[in-house]
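Architecture and fold: a report
Given next are the chains, with one letter for each unit.
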Amino acid sequence: MTKAVTEPVSSGDRPYSGSLLEVEDLQVEFRTQAGVAKAVNGVTYSVDAGETLAVLGESGSGKSVTAQTIMGILDMPPGVVRGGRIRFRGVDLLTMPEAERRKIRGEGISMIFQDALSALNPLFPVGWQIGEMFRVHRGLSKKQAYAKAVELMDRVRIPAAKQRLRDFPHQFSGGMRQRIMIAMAIALDPEVLIADEPTTALDVTVQAQIMDLLAELQRESNMALILITHDLGVVADVAHKIAVMYGGRIVEQASVFDLYAKPAHPYTKGLLDSIPRVDQKGQDLFAIKGIPPNLLHMPSGCAFHPRCVFKRDNCTTDVPALLTVEGPRRSACHYSREVLDGVAG
Ligand SMILES: Nc1ncnc2c1ncn2[C@@H]1O[C@H](COP(=O)(O)OP(=O)(O)OP(=O)(O)O)[C@@H](O)[C@H]1O
Ligand SMILES: [Mg+2]
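Residues numbered from 1 in each chain as written. Chains lettered and ligands numbered in written order. Predicted model: local features only at pLDDT ≥ 70, side-chain atom pairs only at ≥ 80, totals over all residues. Heavy atoms only, no water.

Some points on the domain arrangement of the chain
We note that the domain assignment places domain 1 (21–239) and domain 2 (246–341) within the chain. Distance from the C-alpha centre of domain 1 to the C-alpha centre of domain 2: 28 Å. At the interface, 24 residues of domain 1 touch 19 residues of domain 2. When domain 1 packs against domain 2, close to 1600 Å² is buried across both sides, 60% of that on carbon and sulfur atoms. Area buried by domain 1 at its contact with domain 2 is led by Asn-41, Glu-58 and Leu-232, which between them contribute 35% of it. Glu-58 is the partner of Arg-307 in a salt bridge, and the nearest nitrogen-oxygen pair spans 3.0 Å. For the side of domain 1 that touches domain 2, the secondary-structure elements that each account for two or more residues are strand E2 (35–47) and helix H9 (232–235). The biggest single contributor to the side of domain 1 that touches domain 2 is E2, with 12 residues. In the side of domain 1 that touches domain 2, the residues fall into 11 nonpolar, 11 polar and 2 charged. (Domains from an automatic or database assignment. Contact = heavy atoms within 4.5 Å. Buried area = accessible area lost by both parts, 1.4 Å probe. Salt bridge = Lys/Arg side-chain N within 4 Å of Asp/Glu carboxyl O. Helix = DSSP H or I, 4+ residues; strand = E, 2+ residues; numbered from the N terminus. Nonpolar A, V, L, I, M, F, W, Y, C, P; charged D, E, K, R; others polar.)

Quick look at the packing of helix H4 (residues 126–138) against helix H5 (residues 142–155)
Axis separation between H4 and H5 bottoms out at 8 Å; the angle between their running directions is 110 degrees. By the angle between their directions, the pair H4 and H5 is classed as roughly perpendicular. Considering only the axes of H4 and H5, their crossing is right-handed. When H4 is examined against H5, the residues Val-126, Gly-127, Trp-128, Ile-130, Gly-131, Phe-134 and Arg-135 are found in contact with a partner set consisting of Lys-142, Ala-145, Tyr-146, Lys-148, Ala-149, Leu-152 and Met-153. Here the contact of H4 with H5 is composed, by residue class, of 9 nonpolar, 2 polar and 3 charged. (Axes fitted to C-alpha atoms, helices over the stretch in contact; angles between N-to-C directions. Parallel < 35°, antiparallel > 145°, perpendicular 65-115°, else oblique. Left-handed = near helix turned anticlockwise from the far one by under 90°.)

Structural notes on the nonpolar core
Counting residues in hydrophobic clusters, the biggest one holds 67 residues, and the most contacted among them are Ile-182 and Ile-242. Ranked by residue count, the leading element in this core is helix H7 (residues 174–186), at 8 residues. Each of two domains, domain 1 (21–239) and domain 2 (246–341), supplies a minimum of three residues to this core. When residues no more than four places from it in sequence are discounted, the contact partners of Ile-182 are Ile-112, Val-156, Ile-210, Leu-213, Leu-214 and Leu-217. Counting residues in hydrophobic clusters, the runner-up holds 37 residues, among them Val-28, Val-40, Leu-53 and Ala-332. (Core = buried A, V, L, I, M, F, W, Y, C linked by side-chain atoms within 4.5 Å. Buried < 20%, exposed > 50% of the residue type's maximum accessible area, 1.4 Å probe, protein only.)

Points about the site of ligand 1
The environment of ligand 1 is made up of 16 residues, and the closest members are Ser-59, Gly-60, Lys-63, Ser-64 and Gln-114. One of the side-chain N or O atoms of Ser-59 is found 2.5 Å from an oxygen atom in ligand 1. Between ligand 1 and the protein, one listed contact pairs an oxygen atom with a side-chain N or O atom of Lys-63 at 2.8 Å. Burial of ligand 1 by the protein chains amounts to 70% of its free accessible area of 640 Å². At 3 residues, helix H1 (residues 63–71) tops the list of elements feeding residues into the shell around ligand 1. (Near = heavy atom within 4 Å. Polar contact = N/O pair within 3.5 Å; in protein donor to acceptor, adjacent residues only side chain to side chain. Areas by Shrake-Rupley, 256 points an atom, 1.4 Å probe, with all protein chains shown as cover.)

Observations concerning H5
The end-to-end C-alpha distance of H5, which contains 14 residues, comes to 20 Å, matching closely the 20 Å that a straight helix rising 1.5 Å per residue would cover. The complete set of buried residues in H5 reads Ala-145, Tyr-146, Ala-149, Val-150, Leu-152, Met-153 and Arg-155. In this fold, the buried residues of H5 make contact with H4, helix H6 (161–164), H7 and helix H8 (204–221). The first or second residue beyond H5 is Arg-157, which carries a positive phi of 60 degrees. (Expected span 1.5 Å × (residues − 1).)

Things to note about the pattern of salt bridges
Going through the model one piece at a time under the given rule, you end up with 19 salt bridges. If you follow the salt bridges from partner to partner, you end up with Glu-22, Glu-24, Arg-85 and Arg-87 in one network.

Set out below in structure tokens:
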């Protein structure tokens, strides 16, 4: 299918030549009664057309809050963006007037939500809900919008799309409902698609089908895909690069190949060691000891130090910066080199 030609939002004569979407040193906090929770604490990542970035990390590490901030749908208040930039085609979304930003939402950047299955309205037929994207954003008539909905349902491989147009969400299986959500997210041909845990609620076979579908849609339209997950196993086949989050920061960023071959951060190493392997049958699974940090009281120095098997003195006092270790790989650990070479400890 052909991709809609989108003018650069900079609308100048200079098309932007950097990454399609760049998040730089993003900081988001929540002001709660218990105190200030630093949910996103200096996140930097980027993604290009046709590229898949997987964002990994335990529950509460700030994956969804970063995505919500990119989309401009952060819960404000209590959320506050404290700093950073989110550049789409070179233009900072954080300083853009809301009217312009609204145009980018859905058409430029779109998102499949973590609780996608409950995001569908139970009272309206799915064809109507998909068609709404075209009625609202493109001013199509009811009939035209239904025709577009059938096209999209076909595209996300919902069998007998035309006959199912007037069915309600509860008449579809979980996997099919997820396909409907994907259809809505890609309806306006976004350049960047953020998929927040798109397969969590689904069984393993359906998970694989949904991942295949996302990869296929991406190839067809050359979208940039940000795939948020806490499952390292899911991303190996589909992602090009991985950003690992811990306590609201990126602690390691690398190509999938490099990261799987050798981690440069102890947390990534822990995650890789906790993937079940066939040759481990009967043995206890490795699990990273300890619990994720309390965002109201972040540990001093490196936030991972209380759980780190490689911890040394300066880890409790100095925050490690995200630095290049080798090639495009970056890691935020004082001992990245040693971890990478397998000599830390
Ligand atoms: N509306 C809110 N008000 C207060 N705190 C919030 C709000 N939304 C998120 N948070 C906090 O921000 C932190 C990061 O949350 P986020 O949803 O980004 O985690 P996540 O990495 O997506 O985790 P999960 O894997 O469970 O989805 C959490 O501690 C969460 O409690
Ligand atoms: Mg989340």
